[in-house]
Amino acid sequence: MPQQRNALTELVKAHVGAGRRMSTREFSAVAVDPDTDWSPGKSLVAKIIAGQGYDVTPQLVGAVAIGLGVDREIVAAAAHLQVIGYTDAELSKGAPARLVRMLGSEDAPTDKAQAVADRWDAEQ
């Protein structure tokens, strides 16, 4: 059974909003999808960090990657984990494992997330 969590929301929330690295306004100014020049508005960014419903699109993934300065594959893995989920085996390598590691460094990781991050560290 796939594991799911609000990973894209968590990723953005860890860096954007009150008391974080960037305000919603600053983030929406720098988060521009390189393929389409689309940028999420301040209100959409506020919805994301509030955990409200929003559509995950390729343009959003590209914009978030640029805005956070993270590899697009990491943001895509966050979107995948949030919308579809991953099996434990899928979370043990590649971008999904790197994502779990990133999310675990911002907040206290769940036991399963920590186990996956530990396995990924052992493989390095």
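Summarised in this report is the structure supplied together with it.

Here is what the cut-offs are and how they apply
Residues numbered from 1 in each chain as written. Predicted model: local features only at pLDDT ≥ 70, side-chain atom pairs only at ≥ 80, totals over all residues. Heavy atoms only, no water. Helix = DSSP H or I, 4+ residues; strand = E, 2+ residues; numbered from the N terminus. Buried < 20%, exposed > 50% of the residue type's maximum accessible area, 1.4 Å probe, protein only. Contact = heavy atoms within 4.5 Å. Areas by Shrake-Rupley, 256 points an atom, 1.4 Å probe, with all protein chains shown as cover. Patch = residues over 30% accessible without salt bridge, like charges linked within 9 Å, V, L, I, M, F, W, Y side chains within 5 Å. Salt bridge = Lys/Arg side-chain N within 4 Å of Asp/Glu carboxyl O. Core = buried A, V, L, I, M, F, W, Y, C linked by side-chain atoms within 4.5 Å.

### Focus: the overall build of the protein chain
Helix and strand counts for the protein chain come out as 7 helices and 0 strands. In sequence order, the secondary structure elements of the protein chain are arranged as α-α-α-α-α-α-α. For the protein chain, buried positions account for 41% of its 124 residues. A separation threshold of at least 6 residues defines the contact pool for the protein chain, and within that pool the share at least 24 residues apart is 58%. If you sum the accessible surface of the protein chain, you get close to 6,700 Å²; carbon and sulfur atoms cover 51% of it.

### Digging into the environment of Ala95
On the secondary structure map, Ala95 appears in helix H6 (residues 94-106). The exposure class assigned to Ala95 is buried, which follows from its relative accessible area of 14%. The sequence separation of Ala95 and Glu73 amounts to 22 residues, and the corresponding C-alpha distance is 6.1 Å. Setting aside residues up to four positions removed in sequence, Ala95 forms contacts with Glu73, Ile74 and Ala77.

### Re a nonpolar patch on the surface
Together, Val56, Val83 and Ile84 make up an exposed nonpolar region whose accessible area comes to about 250 Å². Along the chain, Val56 falls in the loop between helix H3 (42-50) and helix H4 (58-68). Residue class for Val56 comes out partly exposed when judged on its relative accessible area of 30%.

### A short note on the pattern of salt bridges
Side-chain pairs of opposite charge can arise where the charged atoms are in close proximity. Here the structure, examined in full by the defined rule, presents 3 salt bridges. Note that Glu10 and Arg5 form a salt bridge whose closest N and O atoms lie 2.5 Å from each other. Residue Arg98 pairs with Asp71 through a salt bridge whose shortest N-O separation is 2.7 Å. Here Asp71 lies in the loop between H4 and helix H5 (72-83) and Arg98 lies in helix H6, a separation of 27 residues in the sequence. Overlapping salt bridges, with partners in common, bring together Asp71, Glu73 and Arg98 in one network.

### Considering the environment of Thr9
Note on placement: Thr9 falls in helix H1 (residues 7-13). Look at Thr9 and you get buried, because its relative accessible area is 9%. It is 9.6 Å that separates the C-alpha atoms of Thr9 and Val45, two residues lying 36 residues apart in sequence. The residues contacting Thr9, other than those within four sequence positions of it, are Ile48, Gly51, Tyr54 and Gln82.

### Remarks on the nonpolar core
Among the nonpolar cores identified, the biggest contains 31 residues, and Leu8, Phe27, Val64, Leu68, Val75 and Leu99 are the most heavily contacted of them. Among the secondary structure elements, those contributing two or more residues to this core are H1, H3, H4, H5 and H6. With near-sequence residues (within four places) excluded, Val64 lies in contact with Leu8, Val12, Phe27 and Val75.

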